[in-house]
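What follows is the residue order along each chain.
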Amino acid sequence: AMGVLQALVGVSEKASRVARLFRGEEPLCQLLVAEKTGPDRNSRFQRDFKTLADVLIQEIIRHDLGQQFPELQGHIHGEESNEFTMGVAGDTVRVQVGSSARDTAATLRRLLEPHHEAAERLAEAAHRHVSLDDPNLAAVELSIPPQDLAIWIDPIDSTNEYIAGREDVVPVEGVAPAGLCSALVLIGAYDRHTGCPVLGVINEPFFHRDPETHRWQGRYHWGVVYGETRLCSLSPPSPRPSPRVVLSRAEGPAVRGALRPLCGEYLLFAAGAGYKMLCVILGLADAYVLSEGTSFAWDACAPHAILRAMGGGAVALEGALQARRRGDTGVPPQLTYNRPIDGALGAERWANRGGLVAYLHPQHLEAVLAAL
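Residues numbered from 1 in each chain as written. Predicted model: local features only at pLDDT ≥ 70, side-chain atom pairs only at ≥ 80, totals over all residues. Heavy atoms only, no water.

We now examine the sheet that holds strand S4 (residues 149–157). Taking strand neighbours across the sheet as the criterion, the six strands line up as S1-S4-S5-S6-S7-S8 in an open arrangement whose pairing is mixed. If you trace the sheet from one side to the other, it starts and ends with strand S1 (76–78) and strand S8 (229–232), each paired once. Strand-to-strand twist of the sheet, defined as the mean angle between neighbouring strand axes without regard to direction, takes the value 15 degrees. Where S4 and strand S5 (residues 184–191) come together, seven bridges link them in antiparallel fashion. When the bridges of S5 are listed, Ala150 appears paired with Tyr190. Contacts from helix H1 (residues 4–22) reach S4, S5, strand S6 (197–209) and strand S7 (216–226), with the element oriented near 30 degrees to S6. Here helix H9 (residues 273–281) sits on the sheet in contact with S4, S5, S6 and S7, set at roughly 80 degrees to S5. (Pairing = 2+ DSSP bridges. Helix = DSSP H or I, 4+ residues; strand = E, 2+ residues; numbered from the N terminus. Axes fitted to C-alpha atoms, helices over the stretch in contact; angles between N-to-C directions. Contact = heavy atoms within 4.5 Å.)

Taken residue by residue, helix H12 (residues 362–371) has His364, Leu365, Val368 and Leu369 as its buried positions. Across the axial projection of H12, the buried residues extend over an arc of 135 degrees, all falling on one side. (Buried < 20%, exposed > 50% of the residue type's maximum accessible area, 1.4 Å probe, protein only. Arc of directions from axis to C-beta.)

One non-glycine residue, Glu173, lies in the positive phi region at around 50 degrees. You can see Glu173 is positioned in the loop between helix H7 (159–164) and S5. Take Glu173: its relative accessible area is 42%, and that puts it in the partly exposed class. A positive phi angle, close to 65 degrees, is found at His214, a residue other than glycine. Position of His214 among the secondary structure elements: in the loop between S6 and S7.

We now examine the sheet that holds strand S9 (residues 245–247). Strand order across the open sheet formed by five strands is S10-S9-S11-S13-S12, with mixed pairing between neighbours. Looking at strand neighbours, the two that pair on one side only are strand S10 (267–269) and strand S12 (313–315), the edges of this open sheet. Across this sheet, the average inter-strand angle for adjacent strands is 25 degrees, counted without regard to direction. Here three bridges tie S12 to strand S13 (residues 356–359), and the two strands are oriented antiparallel to one another. Bridging from a neighbouring strand, Val315 pairs with Val357 of S13. Strand contacts of H9: S9, strand S11 (287–290), S12 and S13, with the helix running at about 150 degrees to S11, the strand carrying the most contacts.

Mapped onto the present numbering, the UniProt feature "binding site: Mg(2+)" (unreviewed entry) falls at Glu79, Asp154, Ile156, Asp157 and Asp299. Maximum C-alpha separation among the annotated residues is 9.5 Å over a sequence range of 221 residues, consistent with a single clustered spot. Narrowing the list just given to those that line the largest pocket leaves Glu79, Asp154, Ile156, Asp157 and Asp299. Within the element layout of this structure, Glu79 appears in the loop between S1 and strand S2 (83–86). We classify Glu79 as partly exposed; its relative accessible area is 31%. (UniProt positions renumbered as here; feature names shortened; annotations may be inferred. 1 Å grid on protein atoms, 1.4 Å probe; cavity = no way out; pocket = protein on both sides within 12 Å on 5 of 7 lines; lining within 4 Å.)

Structure follows, in structure tokens:
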């Protein structure tokens, strides 16, 4: 049987293919373009488009992993509900991947009326086998029992960037402030009992556009941290003397002001929690700081597993600062992914309420906490 890691990478590749298909770089009925007529129509359709792309990708991942590992069924969680409300009439369709492309196409035809060709193309992509030609990945042998795991899926992190689809954003020190490249597929597995992240896959569907064919090429990264095992598709970069920190544009003046003396001109800004954590993984930044509870279990689980595999991690900012004020100098506890917040509703149940700091080298975590 294929290992869980290989299965997560495989399904992330399928998800990326579908994300690209929705963007209509292939002649997929130009869904976005066809619907951009009146101003109301446009905003409504953009919202619907977001939901369908997200929901379909999430359900493909849920379907494929549940088929390969029946022990995971009921433990595969995602950002989106799979109920999709249609247009003006408000009919609700449950987005499900059927047992064949024909079944799936029938559901999608109802949603995409009258774009039948689009429905067929998406259904075909949902059921097409993905083969991974990756000897490093194939060589990884792990004995992680699937019944100990649960999954968090963020089908498209940075959905707004995905919809806007900007390709002309110029990176600053390698970090894209916005744009299509920050739209990622995130799949993380965590230990059901402890909540610790164990396996993470980040797929970048829009990594590079081939100048000849104009087709997008993606790439992926993975990490495993389980028992004594730490494996990663990337090697950790060596630490810089003073850290570069990446923030959200929405981050307040207090945090920016406190970090500026530490980073100088290397205070960087980007969209998407997943993308900012990826910047730390790739060594483009040394830490990602978020002071608000605006990230969620599904954004953080996959990148956190990769960071841990590389010797870094992700901690709650508020808890870490409280511990430092009390004089506790130990390593702050890592974020966990198995416990909803009591009394919260909807997505808020899974918010990382105390903010977060993602880091690769513990000394950079210390420098950031000291500055804050």
